[in-house]
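# Reading the structure
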Amino acid sequence: MSTNAKIETPPTPAPVEKIKVKVDGREVEVPKTMPDGVTGKPVPTTMIQACHAIKVEVPHYCYHPRLPVAGNCRMCLVEFGTPAMGPDRKPILNPDGTAKILKSPRPAIACATPISPGMEIYTNTPNVRFMREGILEFLLINHPLDCPICDQAGECKLQEYSVDHGQTSSRFAEIKVHKPKRVDLGPRIILDDERCILCTRCIRFTRDVVGDDALGIVNRGSYNTITAYPGKPFDNNYSLNTVDLCPVGALTSKDFRFQMRVWFLKETKSLCTSCGTGCNVVVGSREDRMFRYKPRENDSVNATWMCDHGRLNYRWIHNPERLVQVTVRNGAAATVSDWKSAMPQLAARLKSAAPGTVAVIGSARQTTEELFLLAKLARHFQAVTDSVPRTGPADHLLLNADRNPNSTGAVFTGLAATPMGSNLGKIAEGIRSGRIKTLIVFGEDVTRHGIGADLLARLDLLVASDILPNATTKLAHFVLPGCAHVEKRGTFVNVKGHVQKFMKAIEPKGDARAEVEFLKELLPTVTGWTAPRSLEGLFNQMAGEIPALQGVTWAALGDTGVRVQI
Amino acid sequence: MIVNRKKLNFLERLYVPAVIGGFKITIRHFFKKKVTMQYPEEKWVVPEGYRGAPYLVKDQQGRTKCVSCQLCEFVCPPKAIQITPPGPGGLPEAGNVEKGPREFEINMLRCIFCGLCQEVCPEEAIFLMKDYSLNGKSREELIHNKEKLLAMGGVHNDKIQKWKTKADEARQQGL
Amino acid sequence: MPQEYRQILKYADAPGYTPDVECYLRHGGYQILKKTLEIEPKALPDGKSMSPAEQVRDQVKLSGLRGRGGAGFSCGLKWSFVDRRSGKPIYLICNADESEPGTFKDKQIIHKDPHQLVEGMIISCFANDVHLAYIYIRGEFAEGARILNRALQEAREKNFLGKNILGKGYDLEIHVHRGAGAYICGEETGLIESLEGKRAYPRIKPPYFPAVLGLYMCPTIVNNVETLCAVKHVVDLGPSEYAKIGTPNNTGTRIVSLSGLVKRPGYYEVEVGKVTIRELIYDPIFGGGLRDGRQLKAVIPGGSSSKILKAGERFKLKRKGPDGKDVEQELDMLDLPYDFDSLIAAGSMSGSGAIIVLDDSTDIVAALSNLSEFYAHESCGQCTPCREGSLWMSKALHRMANGQGRKGDADYLLKIADNIPGGRTVCAFGEACSWPVQSCVTKFKDEFVARGTQDEERRAAGSK
């Protein structure tokens, strides 16, 4: 590790030629080409990108910056004009010296039409508004309008644009086309074909981003129906992204279906903890209950996607078995205690432990700050430390083989041995030989990693902090209930060295407390070192002490984090 | 501010004319129509449009009309309404509507009878009825649950049965 | 005196003429191909030389040949758009997906003279350096596909196809691909998608212009059967001779498919612009007039998607007078010369060359309902206006045709139809499905309003 690590910035692409266009009379300069959303290759900049550059909203359904362009919803139709060219191939000028603009007689879809120098785009003319109203009316005539029972209500593009461009009453006097409802597309997805507006975002996502050509359209015209291949469920590990992509309520998640209306959900920026990729997510919660994860855009980590494995791995947070009480055990008798009386007892017991007789096992699922404080404690006792490696099969997109969210953080803080897990055997041996008398375990069940219950029984002092009860907490002299990541703040460092922070979405259950809080309470008494009071301060202090994090500050992390060298 | 009291003259100081005036008014009321009601033996019949206690109704097919859209819960100013959505499976009795409330509670201790829940309901499932006499022996008793709300609301005869029409149309189209 | 001018169908109906190669060779077949392959590079005054392929392309351009598929776009110009510098192979596709209601000309060529198409294709492929070509034939033409496959096999056996054709070092293979029965496959980018094995969703233009990004994202030429046959005659006669047939800017011959309520429906090959619609309908050698006692109501001049012309409509057209000056002339609809430009000037189009004649026994509401139903059924459903609009119009017209009309239905239909065409859709199907409705309802508005009023009154009387 170098002493002066540098913060990596994404490589700046070679400068691209800029061209000037006008959007609704305002001039904007945009690059001639922009990276394609899927392949990253430079492709000509389109009108919609030029409009976005100047913050002009062009309504759209099928267009998505991360998907290939389909151009089928026709909602983004705009009018445009290009400079008139004389026979000498030079622009014709108006009397006032400005270029004469030839307005195109036909509209163009903003999502697919490339811009050209001097082009003028009109997004708000009476004709454009008339076309939008027409398209929206067409989309709505066969839509079932069952918003009261639709999970998308509240985040539905059809609803949003109806408010902007819709009519107050329908002139549709015919009978609607009915299509299958409640179609079981796969293990995690339900499809309502009536609600579908056939934008094909889901088809393009699974075909072009995931590489699993699983969805398609059958029938013709207004009877078009999205479907999976007969007998083949739509079950790839990214299928739930199609629910996010769906601009209407056609694709719904079986997990989130009819659980809560989205307008009640508080949105908190957080991270997925299921693997080392650290996908950025938004946690949807209401009244201290978490309902869902949704991916959050971060180009240097997860684009706009996340895997189903990570998305559905949150049920444990509301497990009724959660550890919610501080427990102190004396011999066989365990008594329920509280923080106020248990902490001084624990501090006194730890203080009497002799250096060299202590081992500390922290989890790579804990935040970097917690691991940093644990490392401080360990250093005071000259303790043997380690973390538990956790692996699983990786895939081609986001899921990493390292299933710990913070392995890099565990390495940075010095808590994990190299390679991770190689000290576990030494600790077991130390306990067996009687050299190690005190074991501090955070977030792991060590009985499953070579330190069996028989060994734990030999210890003078076993301190365990965890979220769910396990064989280790059952034997611990002090059980300190900790918090799930949605109940606290902190940072993780992903496998590529991306330092990212996450925010608190819900209150912890019962007596459970953020680990940082009670470690900060313990440290001054045991080691004589006082941690900064705020989490921001603690992070900045840590960044100053860890060479790899030199120069990084909590404030600089922002919403999308900072890449450091590992 | 200083108020200057007018000095009373002799006649005013006697009080007798004022007392007589008072008696006149009282006696006049002996011969008027009675306005007092012998509640609870006699019950007040409330006018149309009276906003009493909110109840849930069923449709002609016996289905709870509420589809658990939770708009009333959202709009309720004193947060008196709490709805438990049905969860992923929906409710078996919901039929082609797919969704209904697993539990629906209105805390009548909080309700302010504003009628916003009725106004916002897209399904015409909740109505403020002419019930003004609400009492109970405990706080729990005044938290009306779905069963109680439905029992009090009864059946609402709709002219337009949109969910039934939808199901019929779909059946005609071979679905 | 109007008369047929049989060029492409010269032998097709001759007694004893069969679609096999021997018969074709006896009638001078594949001679033009031989002539084409023997063209020598031509030296140009500036020292450069013009390759044989370039010379053929030049001839087609000079001949003024316009596409016979529907849009009437210049064939030479279309070929000149092809991206020849990409290094990718160039493909040629013969569009034999003849599905426009009222059109049955390509079928005659394929069934009666398939080798003429094959020869025309080989010449066109040679002119464009194409080494792999396809004939995309509509799924319903099972017999046509069988005939074409046989013809191609015969051509291969005679070395008109395959490696080193006629020893001149040119390789070409042609395959027949049968569609699965969708009108939209006649749209060139829809056809390309279908040929690639996908759903026939027309591509968005830009960026997918077939001349640059066509079949398998390679430059591709898509031409109609009749156009490819005409190429053979262009090379045969030479561009200036060919341009003498027909009228200026509307050169060559066209096969007109005449159908509807005339005495002699059928196909007639005529010089473009030399015959008027009146002659085509009433002349004894063409349509032979309407059934006895009937009056003309309307004419659909270029396949069902073209705008209808009402009997008695008059148009002001600019035409070249005998002295070469533009003269404005007011013409009755029937006196319009049957060519590309006059019909466009009249607000309609000659499209695929299919004339559908309606007489006064026709219920215009029912006729339009029938047409609309076709378009609602054939809309691919890719883009919103056409997908939803076509079915909406069809449902409304079906309701009107079945006695459930309303007084306001004429305006209702026009409002729907106005929201579909004019660049709102991915392909021209949007125009194809809305133009008949727009033109019919506008031109026969009184009938639509009367029908709606009548229905409303009857319902009101019934409910009393």
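Residues numbered from 1 in each chain as written. Chains lettered and ligands numbered in written order. Predicted model: local features only at pLDDT ≥ 70, side-chain atom pairs only at ≥ 80, totals over all residues.

## Focus: the overall build of chain B
Each helix and strand counted, chain B has six helices and five strands in total. Counting helices and strands in the order they occur from the N terminus, chain B gives α-α-β-α-β-β-α-β-β-α-α. Computed over the C-alpha atoms, the radius of gyration of chain B is 27 Å, more than 25% above the 16 Å expected from 2.2 N^0.38 for a compact globule of 175 residues. Along the first, second and third principal axes, the C-alpha set of chain B runs to 95 × 40 × 35 Å. Counting all 175 residues of chain B, 25% fall into the buried class. Excluding contacts between residues fewer than 6 apart, the proportion of contacts in chain B whose partners are at least 24 apart in sequence is 75%. (Helix = DSSP H or I, 4+ residues; strand = E, 2+ residues; numbered from the N terminus. Rg over C-alpha atoms; globule rule 2.2 N^0.38 Å. Buried ≥ 20, exposed ≤ 12 C-beta atoms within 10 Å, placed from the backbone. Contact = placed C-beta atoms within 7 Å.)

## Quick notes on the overall build of chain C
Looking only at helices and strands, chain C features 17 helices and 15 strands. The dimensions of chain C, computed from C-alpha atoms along their principal axes, are 85 × 50 × 45 Å. For chain C, buried positions account for 54% of its 464 residues. Considering only intrachain contacts with a sequence separation of at least 6, the fraction spanning at least 24 residues in chain C is 72%.

## Looking at the sheet that holds strand 17 (residues 289-295) of chain A
Residue and element names in this part refer to chain A. In space, the three strands of this open sheet follow the order 15-16-17, with antiparallel pairing throughout. If you trace the sheet from one side to the other, it starts and ends with strand 15 (266-271) and strand 17, each paired once. The mean inter-strand angle of the sheet, taken between neighbouring strand axes irrespective of direction, is 30°. Taken together, the six bridges between strand 15 and strand 16 (residues 280-286) define a ladder with antiparallel strand orientation. Looking at the pairing, T268 lines up with V283 of strand 16. (Pairing = 2+ DSSP bridges. Axes fitted to C-alpha atoms, helices over the stretch in contact; angles between N-to-C directions.)

## Examining the sheet that holds strand 10 (residues 266-271) of chain C
Residue and element names in this part refer to chain C. Spatial strand order, 10-9-15-11-12: five strands in an open sheet with mixed pairing. A strand with exactly one partner marks an edge of an open sheet, and here the two such strands are strand 10 and strand 12 (309-310). Across two bridges, strand 11 (residues 296-300) lies against strand 12 in antiparallel orientation. The residue bridging A298 from the neighbouring strand is K310, located in strand 12.

## Observations concerning the pairing of strand 9 (residues 253-260) of chain C
All names here are of chain C. Counting buried positions over the eight residues of strand 9 gives seven, a clear majority of the element. Examined bridge by bridge, strand 9 and strand 10 share six bridges and lie antiparallel to one another. Each residue of the ladder has a partner; that of I255, found in strand 10, is E269. Taking the residues that link successive antiparallel strands as the turn, the strand 9-strand 10 hairpin has five residues. Taken together, the four bridges between strand 9 and strand 15 (residues 354-359) define a ladder with parallel strand orientation. Pairing of S257 across the sheet is with A354, part of strand 15.

## Digging into the packing of helix 8 (residues 368-381) of chain A against helix 14 (residues 535-545) of chain A
For any two helices packed against each other, the geometry is given by the interaxial angle and the distance between the axes. Residues and elements named next belong to chain A. The interhelical angle for the contact between helix 8 and helix 14, taken along N-to-C directions, is 65°, at an axis separation of 10 Å. Our pair here, helix 8 against helix 14, has a crossing hand that is left-handed. Seen from helix 8, the contacting residues are T368, E369 and F372; seen from helix 14, they are L535, L538, F539 and M542. Looking at the contact of helix 8 with helix 14 residue by residue, the classes come out as five nonpolar, one polar and one charged. (Left-handed = near helix turned anticlockwise from the far one by under 90°. Nonpolar A, V, L, I, M, F, W, Y, C, P; charged D, E, K, R; others polar.)

## Here's the deal with the interface of chain B and chain A
Contacts between the two partners involve 18 residues from chain B, matched on the other side by 15 residues from chain A. Taken together, the residues of the side of chain B that touches chain A sort by class into ten nonpolar, four polar and four charged.

## Details of the arrangement of the chains
No other pair of the two pairs of chains in contact has as many contacts as chains A and C. When C-alpha atoms are compared, chain B and chain C, though not in contact, are closest at a spacing of 14 Å.

## Points about the environment of S300(A)
Residue and element names in this part refer to chain A. Within the fold, S300 resides in the loop between strand 17 and helix 6 (308-311). Using a count of 17 C-beta atoms within 10 Å as the deciding quantity, one classes S300 as partly exposed. C-alpha of S300 to C-alpha of W554: the two residues are 254 residues apart in sequence and 18 Å apart in space.

## Remarks on the pairing of strand 16 of chain A
Residues and elements named next belong to chain A. Across the seven residues of strand 16, five count as buried, placing the element largely inside the fold. Where strand 16 meets strand 17, six bridges bridge the pair, whose relative direction is antiparallel. Within strand 17, the residue paired with S285 across the bridge is M290. Hairpin connection, strand 16 to strand 17: the antiparallel pair is bridged by two residues, and E287 has positive phi, about 45°.

## Brief notes about unusual backbone geometry
At the junction of T418(A) and P419(A), the peptide bond is cis and its omega measures out at -10° in the coordinates. Here P419(A) lies in the loop between helix 9 (407-412) and helix 10 (424-433). Of the consecutive residues K205(C) and P206(C), the connecting peptide bond is found in the cis state with omega at 0°. On the secondary structure map, P206(C) appears in the loop between helix 8 (188-195) and strand 6 (220-224). Despite not being glycine, N219(A) has its phi angle at roughly 70°, a positive value. Within the secondary structure layout, N219(A) lies in the loop between strand 12 (215-218) and strand 13 (225-228). Despite not being glycine, N249(C) has its phi angle at roughly 70°, a positive value. Here N249(C) lies in the loop between strand 7 (246-247) and strand 8 (250-251). You can call N249(C) partly exposed: it has 15 C-beta atoms within 10 Å.

## Some details on the nonpolar core
C76(A), L374(A), I93(C), C94(C), M121(C) and Y136(C) are the most contacted members of the largest nonpolar core, which totals 285 residues. Filtering out sequence-adjacent residues up to four positions away, M121(C) remains in contact with L92(C), C94(C), A133(C), I174(C) and L228(C). Counting 28 residues, the second-largest nonpolar core is a separate cluster that includes C150(A), Y55(B), V67(B) and I83(B). (Core = buried A, V, L, I, M, F, W, Y, C linked by C-beta atoms within 7 Å.)

## A short note on the domain arrangement of chain C
Each domain of chain C was delimited in the assignment, giving domain 1 (21-244), domain 2 (255-359) and domain 3 (364-463). Summarising the inter-unit geometry, the C-alpha centres of domain 1 of chain C and domain 2 of chain C are found 29 Å apart. (Domains from an automatic or database assignment.)

## A few points about the environment of E140(B)
Within the element layout of this structure, E140(B) appears in the loop between strand 4 (126-128) and strand 5 (143-144). E140(B) sits 44 residues away from N96(B) along the chain, and the two C-alpha atoms are 34 Å apart.

## Description of helix 16 (residues 429-443) of chain C
For an α-helix the count is 3.6 residues per turn, leaving residues at separations of three or four pointing the same way. With 15 residues, helix 16 of chain C should cover 21 Å at 1.5 Å per step; its first-to-last C-alpha distance of 21 Å lies within 8% of that length. Burial analysis of helix 16 of chain C places 13 of its 15 residues in the buried class, the great majority of the element. (Expected span 1.5 Å × (residues − 1).)

## Some words on the packing of helix 13 (residues 364-378) of chain C against helix 16 of chain C
All names here are of chain C. Relative to each other, helix 13 and helix 16 sit at 170°, their axes nearing to 9 Å. The angle between helix 13 and helix 16 places the two elements in the roughly antiparallel class. Facing I364, L368, L371, S372 and Y375 of helix 13, the residues of helix 16 in contact are A432, C433, P436, V437 and C440. (Parallel < 35°, antiparallel > 145°, perpendicular 65-115°, else oblique.)

## Considerations on the confidence of the model for chain C
For chain C, per-residue confidence averages 94 on the pLDDT scale, and residues scoring 70 or more make up 99% of the total. In the model output, the complex is listed with pTM 0.92 alongside ipTM 0.93. (pLDDT = per-residue confidence, 0-100.)

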